[in-house]
Amino acid sequence: MLNILAGIGIAFFGFVLQTSVAGFNRKVTGRIQKRYGPVWYQEFRDIFKLFTKRSVTHGWIFDFGVIMAVGGIIGTAMFVPLTTHTLAFAGYDNFFIYVYLIAVGMLGMAMSASGSGNPLASIGVMRALTTMLAYEVPFMIIALTIINLTGTSSLTEIALAQQGQFNWFAIALPLGGIVGFMSLMGMLGKKPFETYIAPAEIASGPMVEYGGKQLGMLLVMHEITVFIEVTLFMFLFLGGAGSIIVFLIKYVLIYTFANMISSVNGRMKIDQVVLFFYKWPLIMAVTQAIIAIYIGWVI
Amino acid sequence: MASIELLILFTLFAGILAFFASMIRDILGPVVTILASLFIFISIAYFGYNGELDMSTSIIPFVTFGFSYAGLFFAIIVTFIYSMVSFYNPFFAKKYKSPSVYSMFYLFNLVGIIGVFFTSNFLVLFFFFEFLVWTSFFLISFGKSRKAAISYFGFSSVGGFALLYAIFIMHNAAGTFDINTGLAVVSGTDAILVFILFMISAFSKLGAFPLHIWLPFAHGNAPHHFSPVLSGALVKLGAFVGVMGLLRVSVNTYQIDAIGLDLAHYIIAILGALTIVFGTLMAIRQDDAKKLLAYSSMSHGGYILVALTLGTSLGIAGGLYHVVAHGFSSAAAFLAIAAVSKQTGTTKMSELGGMIHKMPVTYIVYLIAIISMAGIPPMGGFVSKWLIFQAVIDQGLIFVAIAVFFGSIGSFLYVFRPLAALFLGQELPRYKGKIKEAPYFMMLPMVIFSVLIIYTGVFPEFFLDFINNIVVEVGAAPITLSNGVIYILNGTLYPSLIAAAFAVGVVIALIIFLVFPKSRKVDLMDTYTSAEFIYTEELLHYSNNFYAPLERLYEKYINIMENFYIGVSKKVNQLGRVFRYYFFTNKPEITVFWIIILMMALLLGGDLL
Amino acid sequence: MKSTKFTKFTEKEADAKWWEIGNYFRRNSIWMLMYCTGCGAIELPPAMTSAYDMERLGMGPMATPRQADVLLVTGYLSVKTLRRIIYTYEQMSEPKYVVGFGSCTINGGVYFDSYAVINRLDYYIPVDVYVAGCMPNTEAILNGFVDLMGMMKNKTANGWVKYHENYEWYKANQIQAVGEVHVHDEFHE
C-alpha cells in the first residue's frame, strides 16, 4: 500500500519535473531563434488553461480512450526508478514493462482519436504507429545487447552494473549509444521524426478534435511519457543516478540536448522515417551487438 | 473416472445423432453439438486435471492410449475452444445447404482431436491425424470457395505423408510403433531425417514459411463460425507435432558454439523468424478482416516455433504459454468478426465503419483480444511474449531477435486496423439504424474468452504450474514461480502488480476527468473540416489503404512465394505432358521410336553391358 | 445554417471565485486559431517571429478551432467567408474570444459599399477587441492582445456569454445576410 503511494508520488514528481523542463526548453528554443521565450512555467499555464475550458465529446469511446491513456501512463510511471535506490516497487522494474505499458497509453489515445470520426486523426495515428515500428527495432537490439552483457533486465541493476563493472554504456558501446539516442528522438516525437503531429499537413494529427480537458489530459500523458523515456535512456546508457541531484542534472542535459538538435531540423516524411531507421541505425545496432556479444570488445 | 475410449465412442454416436436430429428440425443439430462438446470438455478437463483418465481400451481394436502432460494440455485447450465456438452454430445453421452434415463433422473433428492427443501408438496417431484433416476439409468447404478447402487438404497431406515416412523410419529403428520408445531410440542420420520430416509436418499444419500458402486462403474463405476453431485450435496440432519433433528427438548435427544451438535447430529458428516477418508484413496490407487475422495466426505460429526451438526451459514455457494466450485471443477476435459479419453480411473493412455505436460489447471483446495479441500488459499475451523475449536474449540470437521484435511491434499495427476502420470512424448511412447488437447467446462465449484472457494475464500461475509439468516431462528445469511472481535468471515479473498499477492509474485519471467541467456531446459529422459543410459519411471515413506509405515500401515483393508455387505446379504439369507424349500416346512415330529402342536394346544389349 | 447545439452559460457562474483562477491561466496562455480570412493576415507572422515575439506573452498558434481560444478575423469578410466563420466560431471550445483586425470589421473599410462584403462584424458574432488600421501595425496588434488580456482580467471579455443570451438576434442577422444554407447530397444524386 505504501509502495503504491510512493509510486503515485513518483508519477507526480515526474510530471512536475518534465513540465518545468519543457517550459525551460521553450525558452532555449526561443534563444536559439534569437528571441525571448516564454517563462519556464508556461507549460503549466497551458495545461491548466485547458482544464478550465468546456469542450465537446463525440461519444463514450472518446472519453474512455483518454482515461485509459492517462491511466496506463500513470501506471507505468509508478514503476520508474528515480535513483538506483529510490523506486516504488523494488526488484520489479523490468525493462520490457516500460516499453509495453507505454503502448497501452498509445492505444488508448489512438482509440479515442479514431473514435472522433475525423479521418485526419486516423491518419495521424497511422503515422504514429509506423514511426513506432521504425524506431523500436534498433532500440530493442541495443537493449538486447545490454541485457545480455549485464545478465539482468532490471533497470536499477543495469545502472549499478554501469557504475561498477562496465563504463557507461554510451561510452562502452559507442555505436549503441548513438543508435539509442536516435531512437530516443523518435520516441519523444521531436523533429525530424515529428510526423505524427505535423500541424500544417494533417492539422495536428490525432489531436484534431480535442479541446478542453481531454487535450489537457493528453498533454499530461505526453509529459509523463517523455519523463519515462528520458529516464529509461538515462538508466540504460548513462549509468543511472546515485542521488537526486545527479538525476536532475543528467535529465536536464539529455532533454536540452535533444531539443537543441530538434530545433534546427526539418520534418521527414513517413516513408523516409522508416527507410532511415532500417538503414544505418539497424546496421549499427547489429554490428554493435555482434561486437559486444560474440567478439567481446567492450570499451 | 472417464475413459478415453468411451469418450471417443460417445462423440461418434453424438455426431450421428446430430445428423439425424438436424433432419427433423434445423436447430436441433447445433444444440446436440453444443451439449456434446461441453460434456467432452468438462470430462477431459475435470478428470484429466485430477489425473483420473482411464487409458485402457477394450472395445476398439488396435488402438492404445497413453497419458502425457503435453497431450492433456493441448486437449484441454482445444476442446475448450471447440465447445465455446459451438455456441455460434445455431445462428448460422440456416445459411448453409446441409446444416446436418456440418454438425456431424464438427463432432467428428472432436473424435480426431481426442484421438491424436491421447494416443501412444504412432500408427493410431497418423490415423486420427488424417481423420481430423479429412473432416475439417469438409467443414471448410462450406464457406465461400471450394479451392480453399482443396488447398488446405493438399498442404496437410504433404504433412501427413511426411509424418508417415518418419513413423516408418522410427519403426525400422525401434521395432515397435510405440511413441515414447520410437522417439527415444532413433539416433544418427536417422534422427536427422526424422527431425526434418517431423518439421515438414509441423510446418504444414502451423502454416509456417514456406508452407504457408493455404493459411490465408483457407481462413479467409472458411465459414465465419469455423474460422475461430481453425485458427485457435487446429493450428495447435502443428504445435503438438512440433513439440514432439523438436524436443524429444535428439538431433546432433554441427553444434554452433557461439549461440549454443544445434545447426538444425538454428535453421528452424530462422524459418520461424521469416514466418513472423512475412505474416506481419502481409497482414498489414489486407482489407478483409478475416484474412488479416489469418496472417496474424501465421505470425504467431512463427513465435511458437521460435520459442520451442530454443530448447531451454524458458523457451518451452514461453512457447506453450503462447499456445494458450494466442488460442484464446485469436478465437475471441474471430468470434467478434463473425458477430459483425452476421449483423452486416460482410467482413471487408472498406465497406464497414462506426460499428461501435451499435455493438459496444463486441467492440470491447475485440479490444481485449487485440491487446493480448499485440503482447501488451496486463493481458496474457504479454506474459508469453516476455518469456519468449527473455529466452531469445539469453541465447543471444540477433537476427531471430530482430524478427521477434519486429513482429511484436508490427502486430500492434495490423491489429489496430480493424479497430479503426471497422469499429471506429464515421457511421456509414447504409448501416445507420439497421444494426443491432449481437444476440445474448452469441455474446456468452465472447465474454468468457475475454475474462479468460484477462485471467491469463493477471494470474499466470495457474497455467504456468501446469506447463511446468510438461517442461519437466521433456527434460528441462522448471520455471520458478512463487506467489504470482515469475523468477528467471535475467529478471522477475509480477503480472498482478502491473495490473494493479494500471488500475490505480485509471482511477486517478477518472478522478481528474470528473473534476473538471463537463463536455457537450456533438454528432460525429460535426468535426473539423476547415469549416467546409459536409454531408457524406463515406468520404470522411478512413479505412481503405490504411497503411499506404508503409505498404508502398514493399508491395513489389509480395507475390514471390505464390509465384514460386505456381511455377512448381507448372513444372509438374510439363513433366506430366512429357510422360504422356512418350508413353500414353497413339501417334505412330512414337511407336516406331520405341520399337527401334527395343530392337537396339535386344541386339546390342549384350555388347553394351 | 448547420450549427452545433450548446447549453447556456449564465452570468452567475462567471462570478464564482474559481473563475478568477481560471482567468489567470486563460489570459496567460492564449492560443490563436491560424485562420487567415483576409488581407490583414499578413501582419500576423511578424508578430510570431523574433522581432515582436508573441510567445513571451504565452500566445501560440493552434491548428483547429476545437483547440484554440481566440478567433482572429483579419480583414474584410465576404458573405461566403462569413458562413464559414460562423461555423468555425460555433465549433470552438468555450470560453472563446474574437478579435477584429482592421477597419473592415468595424465599418466596412474600403469595401463599405460592396454588395458581397458585410459592414459590421458585431452584428453576426460578438467581438471583444477591435484593432483599427488598414492594416494595423504589428505593435498595434500586440497592444490589442494585451488589451484583451486586461479585459479578461476585469471579467469584461464576455462576448461568448452574450452570444448565448442573444442567440436569436444574432441568428436573425445571420440569416438576413447569408441566407439559409441548403446542403444537398451531391454525392448520392
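Quick caveat: nothing in here was measured; it's all calculated off a predicted structure.

### Considerations on the domain arrangement of chain B
Thought 1: In terms of domains, chain B is made up of domain 1 (1-120) and domain 2 (568-608).
Thought 2: Taken over C-alpha atoms, the centre of domain 1 of chain B sits 53 Å from the centre of domain 2 of chain B.

### Regarding the layout of surface pockets
Residue and element names in this part refer to chain B.
Thought 1: In this structure, the second largest pocket encloses a volume near 520 Å³.
Thought 2: Lining the second largest pocket are 19 residues, with H212, M282, Y295, I558 and E562 positioned closest to its centre.
Thought 3: The set of elements that each furnish at least two residues to the lining of the second largest pocket consists of α10 (214-221), α12 (263-285), α13 (289-309) and α22 (560-583).
Thought 4: Per-class residue counts for the lining of the second largest pocket are 13 nonpolar, 3 polar and 3 charged.

### Notes on the side chain of S372 of chain B
Residues and elements named next belong to chain B.
Thought 1: Within the secondary structure layout, S372 lies in helix α15 (residues 360-373).
Thought 2: Its relative accessible area of 3% is what places S372 among the buried residues.
Thought 3: Among residues more than four places away in sequence, those in contact with S372 are A325, S329, M379, G380, G381 and I453.

### What to know about the interface of chain B and chain A
Where interface size is given, it is often the accessible area lost as the parts come together that is meant.
Thought 1: Facing 76 residues of chain B, the contacting portion of chain A comprises 78 residues.
Thought 2: Buried surface at the junction of chain B and chain A, both sides included, amounts to about 6800 Å², of which 78% is carbon and sulfur.
Thought 3: Summed over the shared surface of chain B and chain A, the result is 0 salt bridges.
Thought 4: Where chain B meets chain A, there are 14 residue pairs in polar contact (both at pLDDT 80 or more).
Thought 5: Looking at the side of chain B that touches chain A element by element, the count peaks at 14 residues for helix α17 (residues 398-423) of chain B.
Thought 6: Across 2 bridges, strand β1 (residues 56-57) of chain A lies against strand β8 (residues 520-521) of chain B in parallel orientation.

### Details of the interface of chain C and chain A
Thought 1: At the junction of the two partners, chain C supplies 24 residues and chain A supplies 29 residues.
Thought 2: Carbon and sulfur atoms make up 49% of the area that chain C and chain A hide from each other, which totals about 2400 Å².
Thought 3: Of all residues in chain C, F25, E55 and R66 of chain C give up the largest surface area on contact with chain A, accounting jointly for 26% of the area buried on that side.
Thought 4: The tally of links from chain C across to chain A stands at 7 salt bridges.
Thought 5: One salt bridge in this structure joins E55 of chain C and R35 of chain A, with 2.7 Å as the shortest N-O distance.
Thought 6: On inspection of chain C and its partner chain A, the count reaches 16 residue pairs in polar contact (both at pLDDT 80 or more).

### Observations regarding the sheet that holds strand β4 (residues 97-101) of chain C
All names here are of chain C.
Thought 1: The strand order across the open sheet formed by 5 strands is β2-β1-β3-β4-β5, and the pairing between neighbours is parallel. Sheet topology places β2 (60-62) and β5 (129-131) at the edges, where each strand pairs with a single neighbour. Averaged over all neighbouring strand pairs, the angle between strand axes comes to 30°, with direction disregarded.
Thought 2: As judged from the 3 bridges shared by strand β1 (residues 31-33) and β2, these two strands associate in the parallel manner. Within β2, the position partnered with L33 by the bridge is M62.
Thought 3: Sheet strands touched by helix α6 (residues 138-153): β3 (70-74), β4 and β5. Its angle to β5, the strand with the most contacts, is close to 165°.

Conventions and cut-offs
- Position numbers for residues count from 1 along each chain, tracking the sequence in the order it is written.
- Throughout, the order in which chains and ligands are written sets their labels, letters from A for the former and numbers from 1 for the latter.
- For a predicted model such as this one, the threshold for reporting local features is a pLDDT of at least 70, and the threshold for listing and counting side-chain atom pairs is 80 or more; totals across whole chains, interfaces and linings nevertheless cover every residue.
- The side-chain figures draw on all heavy atoms in the structure; neither hydrogens nor water molecules are used.
- The split of the chain into domains comes from an automatic or database domain assignment.
- Using only the protein atoms, space was sampled on a 1 Å grid; points where a 1.4 Å probe fits but cannot get out form cavities, open sets with protein on both sides within 12 Å along at least five of seven lines form pockets, and lining residues are those with an atom within 4 Å of a point.
- Grid points are joined across faces, edges and corners, and a volume is the space filled by probe spheres set on the points.
- Comment: elements are numbered from the N terminus, with helices defined as DSSP H or I runs of at least four residues and strands as E runs of at least two.
- Three residue categories are used. Nonpolar comprises Ala, Val, Leu, Ile, Met, Phe, Trp, Tyr, Cys and Pro, charged comprises Asp, Glu, Lys and Arg, and polar comprises the others, including Gly.
- Relative accessible area decides the class of each residue, using a 1.4 Å probe on protein chains only: under 20% of the type maximum gives buried, over 50% gives exposed, and in between gives partly exposed.
- Any two residues whose heavy atoms approach within 4.5 Å are treated as being in contact.
- Buried area is calculated as the accessible area (1.4 Å probe) missing from two parts once they are joined, with the contributions of both summed.
- Salt bridge, as used here: a side-chain nitrogen of Lys or Arg that lies within 4 Å of a carboxyl oxygen of Asp or Glu.
- Polar contacts, as counted here, are pairs of nitrogen or oxygen atoms within 3.5 Å of one another; within protein the pair requires one atom able to donate a hydrogen and one able to accept it, and residues that are adjacent in sequence qualify only if both atoms are side-chain atoms.
- When DSSP finds two or more bridges between a pair of strands, those strands are recorded as paired.
- Note on geometry: axes are C-alpha line fits, over the in-contact stretch for helices, and angles between N-to-C directions span 0 to 180 degrees.

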